[in-house]
Amino acid sequence: MEVEGGNTSANDAVARKISIQSRRAKVFYQFTQQNLPACKPVLTPSWIVTTFLLMGVIFIPIGLVTLRTSHSVIEIVERYDTECIPEKFRGNKVSYIKDSTILKNCSLYLKVPKHMKAPIYIYYQLDNYYQNHRRYVKSRNDQQLLHGLKSNDTSSCQPEDSSNGLPSVPCGLIAWSLFNDTFKFIRESSELVVNRKNIAWKSDRNHKFGKQVYPFNFQNGTFIGGGSLDPSVPLSDQEDLIVWMRTAALPSFRKMYGRIEEDLDADDVIAVHLMNNYNTYSFGGKKKLVLSTSSWLGGKNDFLGVAYVFVGSSSIIISLVFMLLHVKNPSSFAGRLSFPL
Amino acid sequence: MHEDSNFQNFKAIIRCEDPNANLYTFVGSLELEEQQYPLTPQQLLLRDSKLRNTDCIYGAVIFTGRDTKVFQNSTGPPSKRSKVERRMDKIIYFLFGILVLMSFIGSIFFGIATREDLQDGKMKRWYLRPDDTTAYYDPKRAAVAAVLHFLTALMLYGYLIPISLYVSIEIVKILQSIFINQDLHMYYEETDKPARARTSNLNEELGQVDTILSDKTGTLTCNSMEFIKCSIAGTSYGRGVTEVERAMARRKGSPLEEEVTEEQEDKASIKGFNFEDERIMNGSWDNEPHADVIQKFLRLLATCHTALPEVDEENGKISYEAESPDEAAFVIAARELGFEFYERTQTSISVHELDPVTGTKVERSYSLLNVLEFSSSRKRMSVIVRSEEGTLLLLSKGADSVMFERLAENGREFEEQTKEHINEYADAGLRTLILAYRELDEKEYIQFNEEFTEAKNSVSADREELAEEIAEKIEKNLILLGATAVEDKLQNGVPECIDKLAQAGIKLWVLTGDKMETAINIGFACSLLRQGMRQVIISSETPESKTLEKSEDKSAAAAALKASVLHQLIRGKELLDSSNESLGPLALIIDGKSLTYALEDDVKDLFLELAIGCASVICCRSSPKQKALVTRLVKTKTSSTTLAIGDGANDVGMLQEADIGVGISGVEGMQAVMSSDIAIAQFRFLERLLLVHGHWCYRRISSMICYFFYKNIAFGFTLFFFEAYASFSGQPVYNDWFLSLYNVFFTSLPVIALGVFDQDVSARFCLKFPLLYQEGVQNILFSWTRILGWALNGVANAAIIFFFCIHAMKQQAFRKGGEVIGLEILGTTMYTCVVWVVNCQMALSVTYFTYIQHLFIWGGITFWYIFLLAYGAMDPYISTTAYKVFIEACAPAPSFWLITLLVLMSSLLPYFTYSAIQMRFFPLHHQMIQWFRSDGQTDDPEFCQMVRQRSLRPTTVGYTARFEASSRDLKAKIEDSL
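None of the values given here were measured: they were computed from a predicted structure. (Residues numbered from 1 in each chain as written. Chains lettered and ligands numbered in written order. Predicted model: local features only at pLDDT ≥ 70, side-chain atom pairs only at ≥ 80, totals over all residues. Heavy atoms only, no water.)

What follows deals with the overall build of chain A. Check the secondary structure of chain A and you find nine helices and eleven strands. Rg of the C-alpha trace for chain A: 32 Å, well past the compact-globule value of 20 Å for 341 residues, more than 25% over. When the backbone C-alpha atoms are referred to their principal axes, chain A occupies close to 95 × 60 × 55 Å. When burial is assessed residue by residue, chain A has 48% of its 341 residues classed as buried. Only carbon and sulfur atoms are counted for the fraction: they give 56% of the accessible area of chain A, which is about 16600 Å². Across chain A, the centroid of the 39 positively charged side chains sits 9 Å from that of the 29 negatively charged ones. (Helix = DSSP H or I, 4+ residues; strand = E, 2+ residues; numbered from the N terminus. Rg over C-alpha atoms; globule rule 2.2 N^0.38 Å. Buried < 20%, exposed > 50% of the residue type's maximum accessible area, 1.4 Å probe, protein only. Areas by Shrake-Rupley, 256 points an atom, 1.4 Å probe, with all protein chains shown as cover. Lys, Arg positive; Asp, Glu negative; His and termini not counted. Charge placed at Lys NZ, Arg CZ, Asp CG, Glu CD.)

Rendered as structure tokens:
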């Protein structure tokens, strides 16, 4: 479309303008005549085989790396919900756990299978616990968590919106059912330091839980749910609560309890002294304690790596089968384009 | 009575039939001064008639408004919806069924779980406080909770129902209509008329047309006759080329013929005359071997007619007014060949004749003694004239069927050659007439004249027959002069268009009000009929039926007629059943009166069966009502899509009744256009309208609907699967805004782009491989298996997305910092996967990537991330669970991206594998053409020839098929002779 031989710059400008106009006209023409330049991919055998091969070539290494990463993570999982009930109460676990007069301490001994590098994350895992139940998820008041008693519409928190005629802060079923087992870790008679700060999302601490909001009238009802909170600590620092209030997606979930910031050596034996307060016995939920290191992919889970390897290798198999079939009976379509009678 | 005032005291009584829909019959009588005058259709003017050749008429109005025959023929304006849309409704019901089923299953599980929460006063899931709850979760009234949950679930899974589909389809269809309107290939420059889609409802229906019902005059033909050839004294004259021959020549690729056609176009300036032969033009016929015969032939043309000359005062040029355009063509031909008819009085006809000896024009006057008029049963007309020399001449012209038997022994000199010629002409779709004459001796004439006058003046009812009988006596022992061939001029490009449509497997039925002969001629001209087709003619114009009609007992006559029609139909059906391919296909030709009986309830199935079995169907003498009834019969009984095309008011019923009515915005007013769904300027545009736009629109809409279902199912099922892990409590896994915006922002534009722009193959290939059209006719792209396939793909994708996500993000930490996933992170990850998967699925199914597609598809995905960022940056009061979820939690986690990639690829894998296998081993038509294109085979003429031959079935009409058939016959003949 370039116009040559323009004597003056004005001429050039005119020419350019015309060429722009005519180009616009051309594009418009192509548009209305449905004749726009287009890429028309056709799935030719070479394309198909290349795509599948390429997928395999990319996926299998990713899978292997992922798998390796997952294997490098060391994880100790210890179920304690049954062990921590004395033999004599095992027939009626629910009444044991509900009996507030009994001190429910319990000890576990964990053996470290391999050297675990700090930081080692401590999780508690609950199974068959529906934190994603609609009633449960909705039973909170974000305004109250941020602004405290200034926000007084707590209808979404029912029935745990108030007790003794006064509103509770924090209100709702989630807060009320706060997990309250506690753990102490002792290695060779010295207590391991557990860092319980910064276990919640920063955005939650800074923007969802108020710095000036203190627990009030909490866990004061006739029916005590889970743990109680220190009324002198603002909600934004109650990290256990913040972690708990990020509802889990699935009925089996882990929540972070804290971090051990020193390495554990292989064959170390760690004694865990725990208070088994939380009632999962009513609904048959399991409780587990998890110690895990972390990689760039997070915790231990082979699924991603296996899936990558599987998808990658199946694409390679498909591409090979396809190639074989294609070579065996070369295409001839002209003969097929006829009336399907 | 030639003054208005004379009618002041005019008193007469008209008795006539009740209002009815028969246009071609009328029974009535006029009682004037105690005398009865019969009233016939000839005395009747229909509503909307136009006066020609006269300034005014005097008449009486007998029916008005709704009682008029024309109105009785009209049908109410219909509301039309396309088949695809009707099927879409069914899919919506189906989806609704699934929705109810899913909700029902969920409710049952929820009910059970809720009931078990509180047993004997003991709480199971105490954290839900089942002891102190609302009706929604009350374990004591679990049934109520389940019912309430059912309603919640209906709302939640409601994303399964693509409500935005209807809106999107409307948008897409309007844009498609704009494309149809804008198409320059369907723009007719001469009248400045583009195609106009008057309703956007039926775009995709254009891609599924199985039967076209076409009007003839004004649609296929331009309603002008051209004198094109003649055979005189056994020699064929005229180098004019008919449209069909031109098309056939182009098909053969003969360069010689091409030249001729080009010349043709330059010279064809005289309306009604398209004759080119230097041997007899400009008086050079004198040098031909049978000059005397040629002279007589031309003289006959100039005298034997009922036309009126009209002399233009200014330049002395003469034009003619004739009852029918073919008669005008004859006189024009005579004029152009040197025999200029210029004056008619009651008793004489005057002609300027070219004298072969002197080469000057001589005025000759013939005294006109008798005119033996044309009638459909006589199929001939004659005049008896006395020339200036005093010889008495009977000049006669008529159809070959009646003329050859009337030749004298000594008049058959050229019979063989002439017969051969007229067969040739008829095959080319020309209307032929045989010209013959005889000299009468005085005595014979006087006797005839007496008898004839007596018969004419008789008052008995069978006056006409009497006259005919007497005329027949004198019209014998004729001497053959030759034959004429007149072309009923087809519109531009009609044979090509019909050929393409036939190759596309579309049936073309011609419904015309014309006479049977004309209709058959046009059948030949359009290549709807060809030599070697066996014609099944069902007619009530036979002599027996004539006599039946005359009989007193009308109902008995009707019954007998019906029986005769039935009998003919059964015979045709037997022929159809017994026919094997070697005998050639059948063609059904039926006239209006027979059609009346054939359309009665007990016969119509038989009629339809026969008609469908025939390669072509021509209904002649049919009234508008019958056209509409035939259309309805085809539409309802075969449940195939019908398209009616017509240009006149008499086609309105048909246009409204058919699934699609296409109006030709031609010369005959706007009525057809006003009641049509799509208006085009020329019949030939139908080819592009159907094969290109129809096919595209059908493909686009059906892919679009399939895709829509797919994407909503994929989305809806992820919600459902999650419910199974949330004890069916009705908690959505996604943020509310994600839910609402799914159909609006992240997935809507690509699907609209698909509906508006996608092309499986370009317009050029659509036209080159008309067989592609069958995809629409057989509804391959919108079959239930395909729809279910897409639905299954949706379910499979939802399963892959959900289960891969929850297994990859189990309880363990999902990033370096040891954080575990929450509901909102799982939701965001799954949603990201859904957006990627459905958009990339779109990219896989699109076959035509313009930058618009790229923009919409990749833009949709990008927009999702932008939205996540923007929404996540808002105050948590607004963004709730999505607050900073992307920037803080997901984006820094490599596993989030790895999961997205894995889920995306594994979701696409099934579809990709499926389409790879299909493309390679079981390709559909459009896929084969894509192959050809990528292989470069499409430009190989031999290859195209082969493909074309494959698309022909024995019943295919059109000139390509005709060419193939004739070459096949030729081959067979040669083999026989060997």
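This paragraph deals with the overall build of chain B. Helix and strand counts for chain B come out as 35 helices and 25 strands. With respect to the three principal axes, the spread of C-alpha positions in chain B is 130 × 70 × 60 Å. Out of the 978 residues in chain B, the part that is buried amounts to 58%. Looking at chain B alone, contacts between residues at least 24 apart form 72% of all its contacts between residues at least 6 apart. (Contact = heavy atoms within 4.5 Å.)

Right, let's get into the state of the cysteines. Within this structure, the stated rule accounts for two disulfides over all chains. In this model cysteine 157 of chain A forms its disulfide with cysteine 171 of chain A; the gap between the sulfur atoms is 1.9 Å. Taken together, the residues span a long stretch of sequence, with cysteine 157 of chain A in the loop between helix H5 (142–147) and strand E4 (162–163) and cysteine 171 of chain A in the loop between strand E5 (166–167) and helix H6 (173–176) at a distance of 14 residues. A relative accessible area of 1% places cysteine 171 of chain A in the buried class. When the cysteines engaged in disulfides are numbered in sequence order, chain A pairs them as 1-2, 3-4. The closest cysteine sulfur to the non-disulfide-bonded cysteine 304 of chain B is located on cysteine 230 of chain B, 16 Å from its own sulfur. (Disulfide = S-S within 2.5 Å.)

Residues and elements named next belong to chain B. With twelve residues, helix H12 (residues 463–474) extends 17 Å between its outermost C-alpha atoms, agreeing within 8% with the 16 Å of an ideal straight helix rising 1.5 Å per residue. All buried positions along H12 are accounted for by Ala467, Ile470, Ala471 and Ile474. End-on, the buried residues of H12 take up no more than an arc of 105°, which puts them together on one face. Along H12, the residues that are exposed and aim more than 90 degrees away from the buried face are Glu469 and Lys473. Check the buried side of H12 and you find it contacts strand E14 (361–372), strand E16 (392–398), strand E17 (430–440) and helix H11 (442–457). (Expected span 1.5 Å × (residues − 1). Arc of directions from axis to C-beta.)

On to the interface of chain B and chain A. Listed as interface residues are 108 residues of chain B and, on the opposing side, 95 residues of chain A. Both sides of the chain B and chain A interface together cover about 9100 Å² of buried area, and 67% of this is carbon and sulfur. At the boundary of chain B with chain A, the tally comes to one salt bridge. Arginine 246 of chain A is paired through a salt bridge with glutamate 824 of chain B; the nearest N and O atoms lie 2.8 Å apart. Our enumeration of links across chain B and chain A arrives at 32 residue pairs in polar contact (both at pLDDT 80 or more). Tallying contributions element by element places helix H32 (residues 894–921) of chain B first for the side of chain B that touches chain A, with 17 residues. Residue classes in the side of chain B that touches chain A are distributed as 57 nonpolar, 34 polar and 17 charged. (Buried area = accessible area lost by both parts, 1.4 Å probe. Salt bridge = Lys/Arg side-chain N within 4 Å of Asp/Glu carboxyl O. Polar contact = N/O pair within 3.5 Å; in protein donor to acceptor, adjacent residues only side chain to side chain. Nonpolar A, V, L, I, M, F, W, Y, C, P; charged D, E, K, R; others polar.)

Moving on to the packing of helix H2 (residues 83–116) of chain B against helix H4 (residues 163–182) of chain B. Axis angle and axis distance: for two packed helices, these are the angle between their axes and the distance between the axes, and together they describe the pair. Residue and element names in this part refer to chain B. With their axes 13 Å apart at the nearest point, H2 and H4 run at an angle of 165° to one another. When the interaxial angle is binned, H2 and H4 end up roughly antiparallel. Helix-helix and strand crossings are classified by hand; for H2 and H4 the assignment is right-handed. On H4, the residues that touch Glu85, Met88, Asp89 and Ile92 of H2 are Leu165, Tyr166, Ile169 and Lys173. Per-class residue counts for the contact of H2 with H4 are five nonpolar, no polar and three charged. (Axes fitted to C-alpha atoms, helices over the stretch in contact; angles between N-to-C directions. Parallel < 35°, antiparallel > 145°, perpendicular 65-115°, else oblique. Left-handed = near helix turned anticlockwise from the far one by under 90°.)

Take the pattern of salt bridges next. Taken as a whole and judged by the stated rule, the model has 55 salt bridges over all chains. Note that lysine 288 of chain A and aspartate 127 of chain A form a salt bridge whose closest N and O atoms lie 3.4 Å from each other. On the criterion of sequence distance, the pair formed by lysine 288 of chain A in strand E11 (residues 287–292) and aspartate 127 of chain A in the loop between strand E3 (120–126) and helix H4 (134–138) is long-range, its members being 161 residues apart. Residue classification places lysine 288 of chain A among the buried residues on the basis of a relative accessible area of 17%. With a relative accessible area of 11%, aspartate 127 of chain A lands in the buried category. Put simply, arginine 141 of chain B and aspartate 138 of chain B hold a salt bridge, and the shortest N to O gap is 3.5 Å. You can call arginine 141 of chain B partly exposed: its relative accessible area is 45%. One connected set of salt bridges, linked through shared partners, spans Arg81, Glu85, Asp89, Lys173 and Glu204 of chain B.

The next thing to look at is the packing of aromatic side chains. Aromatic ring pairs are defined here through the distance separating the ring centres and the angle between the ring planes. If you walk through the whole model with that rule in mind, you get 77 aromatic pairs over all chains. For the pair phenylalanine 52 of chain A and phenylalanine 912 of chain B, a centre-to-centre distance of 5.2 Å together with 65° between the ring planes defines the contact as edge-to-face. With phenylalanine 52 of chain A in helix H2 (residues 45–72) and phenylalanine 912 of chain B in helix H32, the pair connects residues from two separate chains. The pair formed by phenylalanine 52 of chain A and phenylalanine 912 of chain B is uniform in burial state, with each residue classed as buried. Taken together, a centroid distance of 4.5 Å and an interplanar angle of 45° make the contact between tyrosine 831 of chain B and tryptophan 864 of chain B tilted. Taken as a pair, tyrosine 831 of chain B in helix H28 (residues 823–845) and tryptophan 864 of chain B in helix H29 (residues 851–873) lie far apart in primary sequence, 33 residues in all. (Phe/Tyr/Trp six-rings, centres within 6.5 Å; stacked < 30°, edge-to-face > 60°.)

Residue and element names in this part refer to chain A. With seven of seven residues buried, E3 lies mostly within the body of the structure. Neither face of E3 is open: one carries Ile120, Ile122, Tyr124 and Leu126, the other Tyr121, Tyr123 and Gln125, and all of them are buried. Of the strand pairs in this sheet, E3 and strand E9 (residues 253–260) are connected by seven bridges, and their pairing is antiparallel. Residue pairing for E9: isoleucine 120 is matched across the bridge by isoleucine 260. (Pairing = 2+ DSSP bridges.)

Now for a nonpolar patch on the surface. On the surface, a nonpolar cluster with roughly 490 Å² of combined accessible area is contributed by Tyr166, Val167, Ile171, Ile174, Leu175 and Ile178 of chain B. Positionally, valine 167 of chain B belongs in helix H4. (Patch = residues over 30% accessible without salt bridge, like charges linked within 9 Å, V, L, I, M, F, W, Y side chains within 5 Å.)

It is worth spelling out the confidence of the model for chain B at this point. Residues and elements named next belong to chain B. When pLDDT is averaged along chain B, the result is 84; 93% of the residues meet or exceed 70. Helix H6 (residues 255–267) is the least confidently modelled element of chain B, averaging 42 in pLDDT, while helix H27 (residues 784–808) averages 94, the highest of any element. Ignoring residues within four places in sequence, the model shows residues 254–268, a span with pLDDT below 50, making 15 contacts including any to other chains. (pLDDT = per-residue confidence, 0-100.)

Before going further, it helps to examine the packing of helix H13 (residues 494–503) of chain B against helix H35 (residues 959–977) of chain B. All names here are of chain B. It is the contact of H13 with H35, at a shortest axis distance of 7 Å, that shows an interaxial angle of 80°. Classified by the angle between their axes, H13 and H35 sit roughly perpendicular to one another. Contact residues: Pro495, Glu496, Asp499 and Gln503 in H13; Tyr959, Thr960 and Ala961 in H35. A per-class count over the contact of H13 with H35 returns three nonpolar, two polar and two charged.

Residues and elements named next belong to chain B. Spatially, the three strands line up as an open sheet ordered E1-E2-E3, and their pairing is antiparallel. The outermost strands of the open sheet, each flanked by one partner alone, are strand E1 (13–16) and strand E3 (35–39). Across the sheet, the axes of successive neighbouring strands diverge by a mean angle of 25°, strand direction being ignored. Looking at chain direction, E1 and strand E2 (residues 28–32) are connected through four bridges and run antiparallel.

All names here are of chain A. What the four strands build is an open sheet, ordered E2-E10-E6-E7; its pairing is antiparallel. Two strands lie at the open edges of the sheet, namely strand E2 (105–111) and strand E7 (190–191), each paired on one side alone. Here E2 runs beside strand E10 (residues 269–275); their pairing, made up of seven bridges, is antiparallel. Paired with tyrosine 109 across the bridge in E10 is alanine 271.

This part takes up H11 of chain B. All names here are of chain B. In this model H11 runs 22 Å from its N-terminal to its C-terminal C-alpha over 16 residues, within 8% of the 22 Å that 1.5 Å per residue would give. Among all positions of H11, only Tyr445, Phe448, Phe452 and Ala455 are buried. Buried residues along H11 cover an arc of 100° about the axis, so they all sit on one side. Of the exposed residues in H11, the ones pointing more than 90 degrees away from its buried face are Lys443, Glu450, Glu454 and Asn457. Its buried side turned inward, H11 meets E14, strand E15 (380–386), E16, E17 and H12.

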